[in-house]
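# Close look at the chain arrangement
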Amino acid sequence: MSELPPFSPTVALLTVGRVWDAAFAEGLKPLGLTTRRYGLLGHIRGTPGISFSELARRSRITVQSAHTAVAAFVESGLVDDGTAHAGAASTLRVTAEGESLLARAAEVVARLDAEFAAQHPELTEALRVHMLRVMSATD
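Residues numbered from 1 in each chain as written. Predicted model: local features only at pLDDT ≥ 70, side-chain atom pairs only at ≥ 80, totals over all residues. Heavy atoms only, no water.

The name given to the protein in an unreviewed UniProt entry is Transcriptional regulator, and the organism recorded there is Rhodococcus oxybenzonivorans.

There is a patch of nonpolar side chains on the surface, built from Leu13, Leu123 and Leu127 and spanning about 240 Å² of accessible area. Here Leu13 lies in helix H1 (residues 9–28). (Patch = residues over 30% accessible without salt bridge, like charges linked within 9 Å, V, L, I, M, F, W, Y side chains within 5 Å. Areas by Shrake-Rupley, 256 points an atom, 1.4 Å probe, with all protein chains shown as cover. Salt bridge = Lys/Arg side-chain N within 4 Å of Asp/Glu carboxyl O. Helix = DSSP H or I, 4+ residues; strand = E, 2+ residues; numbered from the N terminus.)

Viewed as axis vectors pointing N to C, helix H2 (residues 35–46) and helix H5 (residues 96–119) meet at an angle of 120°, and their least axial separation amounts to 11 Å. It follows that H2 is oblique to H5 by the angle criterion. The way H2 lies across H5 gives a crossing that is left-handed. The segment H2 lies against H5, with Tyr38, Leu41, Gly42 and Arg45 engaging Gly98, Glu99, Leu101, Leu102, Ala105 and Val109. For the contact of H2 with H5, the class distribution of residues is 6 nonpolar, 2 polar and 2 charged. (Axes fitted to C-alpha atoms, helices over the stretch in contact; angles between N-to-C directions. Parallel < 35°, antiparallel > 145°, perpendicular 65-115°, else oblique. Left-handed = near helix turned anticlockwise from the far one by under 90°. Contact = heavy atoms within 4.5 Å. Nonpolar A, V, L, I, M, F, W, Y, C, P; charged D, E, K, R; others polar.)

Written out as structure tokens, the structure reads:
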């Protein structure tokens, strides 16, 4: 019988993250969203008028990919770009339809949060404390 490798919090967190990322992706699928699209739409809602460069930076994608994603959002009625012409600064904003989609996605997040907290109450509290510490360090 082989020995268990030493405990790695990094590997454990990555494993837990993958499991819940898959559950999140599965929950978003009926809404026509992926984790990345959800994040992009959330960034646009959270920062109306966000530039494509900033959207790309926050989402860790290329500017070209941000343009492609936003074009798909505009085509599906989720985002409006009031100045969609070359050389003009964008005025991206989420439409009412986009807000409705994000509200339905928030229901998925709330359900997963409740499941996670029920299954892992100590980890939930540790994550809450960690996030509060991180957020207060950036203020």
